[in-house]
Amino acid sequence: MTPNEYQKLAMRTASNTHWTDKAFELLNPVLGMCGESGEIADMLKKHIHQGHPLDTDKLCRELGDVLWYIALGCTVLDKTLEEIMQMNIDKLKARYPDGFDPERSLHRAEGDT
């Protein structure tokens, strides 16, 4: 499955609420990513600090939920997953042309996010 095929299939389960303001439309994917990321963080916290076993199958399902919200965010912004993936790779290549470099990480150009 390609990222764009995933996005198309995942959006079959998205609500059809469309706001006229992109900020309101983005609330669902942004808050959803925060919530799902919090669940992943809690799993890791419980594993490291409370002795719970690390359930990697559940972790993968939660990562899938994060991906769903990312696909929704891309859709709200009228972008495909592949376009966003390429934008990220372009940014990383510009930031780290020879691979990760701690020095370049510590001293980023102003405005580099």
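See the structure above.
These numbers were taken from a predicted model, which means no experiment stands behind them.

Reading the values: the criteria
- Residues numbered from 1 in each chain as written.
- Predicted model: local features only at pLDDT ≥ 70, side-chain atom pairs only at ≥ 80, totals over all residues.
- Heavy atoms only, no water.
- Phe/Tyr/Trp six-rings, centres within 6.5 Å; stacked < 30°, edge-to-face > 60°.
- Buried < 20%, exposed > 50% of the residue type's maximum accessible area, 1.4 Å probe, protein only.
- Axes fitted to C-alpha atoms, helices over the stretch in contact; angles between N-to-C directions.
- Helix = DSSP H or I, 4+ residues; strand = E, 2+ residues; numbered from the N terminus.
- Parallel < 35°, antiparallel > 145°, perpendicular 65-115°, else oblique.
- Contact = heavy atoms within 4.5 Å.
- Nonpolar A, V, L, I, M, F, W, Y, C, P; charged D, E, K, R; others polar.

1. Focus on the packing of aromatic side chains
Part 1 of the reasoning: One pass over the structure, following the stated rule, counts 2 aromatic pairs.
Part 2 of the reasoning: Seen from their ring centres, Y96 and F100 are 5.2 Å apart, and the 50 degrees between their planes marks the pair as tilted.
Part 3 of the reasoning: Residue Y96 is classed as buried on the basis of its relative accessible area of 12%.

2. Points about the packing of helix α1 (residues 3-10) against helix α3 (residues 56-76)
Part 1 of the reasoning: Two elements in contact, α1 and α3, have axes whose closest approach is 9 Å; the angle formed by their N-to-C orientations is 90 degrees. By the angle between their directions, the pair α1 and α3 is classed as roughly perpendicular. Seen from α1, the contacting residues are Y6, Q7 and A10; seen from α3, they are G64, L67, W68, A71, C74 and T75.
Part 2 of the reasoning: When grouped by side-chain class, the residues that make up the contact of α1 with α3 number 6 nonpolar, 3 polar and no charged.

Interpretation note: all reported values are geometric properties and have no functional meaning in isolation.
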